[in-house]
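If you want the building blocks of each chain, they are given just below.
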Amino acid sequence: TPSFTAVTEDFSGRAIENTAYIFSFQSDTEITIEWSSGSEGPITLDEGETYYFVLPSIPRGTWEGDYATKISSDENWKKIWVLVSGDDNNSGVDFGYQALFPEYFGESYYLPYAPSNPTHLTPLYDDTTFYVDWNTDWTVDTSFVLDQLETRLLFQIGRASCRERV
């Protein structure tokens with residue numbers, strides 16, 4: 001089933017509204033949106049139609065918790081595209097990213113230039129162990145376990161390396 005997971009956070013003492021734009025490639029595409037405290041759907045989209053959903057926010061100073069959102073198509077062959085836009089209703093902090101299909105993930109994921117903003121990690125399944133190698137020397141520097149719809153933020157601040165392997 002095509003699905004995506006998205007996370008969001010608070011910037012500069014004010015909550016930044018992050019919005020998922022969900023685009024349908026086929027008619028009669030049913031999507032479901034799940035987060036830790038609720039769900040929405042099924043929502044039926046026609047070909048070329050976009051649905052707008054405001055994501056839950058991570059409170060300032062929080063680095064782990066139930067803040068991920070899963071967006072999925074209810075039929076395997078019905079394709080959706082998810083773009084997340086941050087602060088698109090205000091000026092100065094606008095950013096965005098395209099959500100990735102889980103099928104693109106492997107055992108390891110390399111971030112060649114680990115961002116000054118945190119890396120957001122959330123698993124596809126419960127009881128998933130993450131191993132983090134801060135300088136890609138094949139030595140695990142930290143590890144943790146997360147469940148589906150949980151997220152954890154990783155920061156590279158103060159590290160000599162600007163890359164990581166997860």
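That block above? That's the structure.
Residues numbered from 1 in each chain as written. Predicted model: local features only at pLDDT ≥ 70, side-chain atom pairs only at ≥ 80, totals over all residues. Heavy atoms only, no water.

Engineer: Would you explain the overall build of the chain in this entry?
Structural biologist: Scanning the chain for helices and strands turns up zero helices and 17 strands. A total of 166 residues make up the chain; the buried ones form 37% of that total. The long-range share in the chain, meaning contacts at least 24 apart out of those at least 6 apart in sequence, stands at 66%. Of the roughly 9,200 Å² of accessible surface on the chain, a fraction of 49% belongs to carbon and sulfur atoms. (Helix = DSSP H or I, 4+ residues; strand = E, 2+ residues; numbered from the N terminus. Buried < 20%, exposed > 50% of the residue type's maximum accessible area, 1.4 Å probe, protein only. Contact = heavy atoms within 4.5 Å. Areas by Shrake-Rupley, 256 points an atom, 1.4 Å probe, with all protein chains shown as cover.)

Engineer: Which parts of the structure should I look at to understand the sheet that holds strand β13 (residues 119-121)?
Structural biologist: Backbone-to-backbone hydrogen bonds pair the strands of a sheet. The strands run either parallel or antiparallel. The strand order across the open sheet built from three strands is β8-β16-β13, with neighbouring strands paired in antiparallel fashion. Whereas interior strands pair on both sides, the edge strands pair on one side only; in this sheet they are β8 (64-65) and β13. Note that β8 and strand β16 (residues 151-154) share two bridges and pair antiparallel. When the sheet's bridge partners are listed, Glu64 is paired in β16 with Arg152. (Pairing = 2+ DSSP bridges.)

Engineer: Mind showing me how you'd approach a nonpolar patch on the surface here?
Structural biologist: Together, Phe25, Trp81 and Leu83 make up a nonpolar patch on the protein surface, roughly 260 Å² of accessible area in all. Inspection of the secondary structure puts Phe25 in the loop between β4 (18-24) and β5 (29-35). (Patch = residues over 30% accessible without salt bridge, like charges linked within 9 Å, V, L, I, M, F, W, Y side chains within 5 Å. Salt bridge = Lys/Arg side-chain N within 4 Å of Asp/Glu carboxyl O.)

Engineer: How should I be thinking about the nonpolar core in this particular structure?
Structural biologist: A general feature of soluble globular proteins is that nonpolar side chains tend to end up buried together. Counting 14 residues, the largest nonpolar core has Ala20, Ile22, Ile31, Ile33, Ile71, Ile80 and Val82 as its most contacted members. Those elements that place two or more of their residues in this core are β4, β5, β6 (38-45) and β10 (80-86). Excluding residues within four positions of it along the chain, Ile31 makes contact with Ile22, Glu40, Gly41, Pro42, Ile43, Leu45, Tyr51, Ser72, Ser73, Asp74 and Ile80. Membership of the second largest hydrophobic core comes to seven residues, among which are Val132, Trp134, Phe144 and Leu146. (Core = buried A, V, L, I, M, F, W, Y, C linked by side-chain atoms within 4.5 Å.)

Engineer: Before we go on, may I ask you to explain the side chain of Asp133 in this structure?
Structural biologist: One can find Asp133 in the loop between β14 (128-132) and β15 (142-146). Taking the relative accessible area as the measure of exposure, Asp133 reaches 1% and is therefore buried. There is a polar contact of 3.0 Å between the side chain of Asp133 and the backbone nitrogen of Asp137. Within polar-contact distance, the side chain of Asp133 engages the backbone nitrogen of Trp138 at 2.7 Å. (Polar contact = N/O pair within 3.5 Å; in protein donor to acceptor, adjacent residues only side chain to side chain.)

Engineer: Help me understand unusual backbone geometry in this model?
Structural biologist: Trans peptide bonds make up most of the peptide bonds, and negative phi angles are found at most residues other than glycine. Gly41 connects to Pro42 through a cis peptide bond whose omega is 10°. For Pro42, the position within the fold is in strand β6. Even without being glycine, Asp127 reaches a positive phi, approximately 55°. With respect to the helices and strands, the residue Asp127 is situated in the loop between β13 and β14. By relative accessible area, which is 61% here, Asp127 ends up exposed. Located in the positive-phi region is Leu149, a residue other than glycine, with phi close to 75°. Counting through the fold element by element, Leu149 comes out in the loop between β15 and β16.

So, to be careful, I would describe these as geometric facts and stop short of saying anything about function.
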